Amino acid sequence: WRNLNSKIKIQRLFLDGSSTYFPTLITLQGSDDGTNWTDIAYRVSIPNSGLPLATLTFENNSEYYYHRLHVLANRNGGEGSQGYAELKRIQTYSI
């Protein structure tokens, strides 16, 4: 996704989604041009709390115009499950 107005520093990520296809392993990346990407949070494991909700906090002091979320595994297929996730809401925070 792209923020048109200014760069954003993401340090916390809230995910809300489907219990079957909720992500269990993700990488969050940022970019200033949409072509060259930097890992903000690399291979972050999301514990299975029984609910399709997660709040992840990580160290990040860099701001970017573009962000993307790679789903590396989900609850249904494990790692290599073709990056499929069903999310209803993604919220980002700078703390």
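Reading guide: rules and limits
- Residues numbered from 1 in each chain as written.
- Predicted model: local features only at pLDDT ≥ 70, side-chain atom pairs only at ≥ 80, totals over all residues.
- Heavy atoms only, no water.
- Core = buried A, V, L, I, M, F, W, Y, C linked by side-chain atoms within 4.5 Å.
- Buried < 20%, exposed > 50% of the residue type's maximum accessible area, 1.4 Å probe, protein only.
- Helix = DSSP H or I, 4+ residues; strand = E, 2+ residues; numbered from the N terminus.
- Contact = heavy atoms within 4.5 Å.
- Phe/Tyr/Trp six-rings, centres within 6.5 Å; stacked < 30°, edge-to-face > 60°.
- Lys NZ or Arg CZ within 6 Å of the ring centre and 35° of its normal.

This next bit is on the nonpolar core. Among the nonpolar cores identified, the biggest contains 14 residues, and Leu-13, Ile-26, Leu-28, Ile-46, Leu-56 and Phe-58 are the most heavily contacted of them. Every element with two or more residues in this core is listed here: strand S1 (12–17), strand S2 (23–31), strand S3 (38–45) and strand S4 (53–57). Counting residues per element, this core draws most heavily on S3, which supplies 3 residues. Residues contacting Leu-56, with those up to four places away along its chain left out, are Gln-11, Arg-12, Leu-13, Ile-26, Val-44 and Ile-46.

Here we take up the packing of aromatic side chains. The geometry of an aromatic ring pair comes down to the distance between the two centres and the angle between the two planes. Counted by the stated rule, this structure contains 0 aromatic pairs. Above the plane of the ring of Tyr-65 lies Arg-2, whose end atom (NZ or CZ) is 5.9 Å from the centre.

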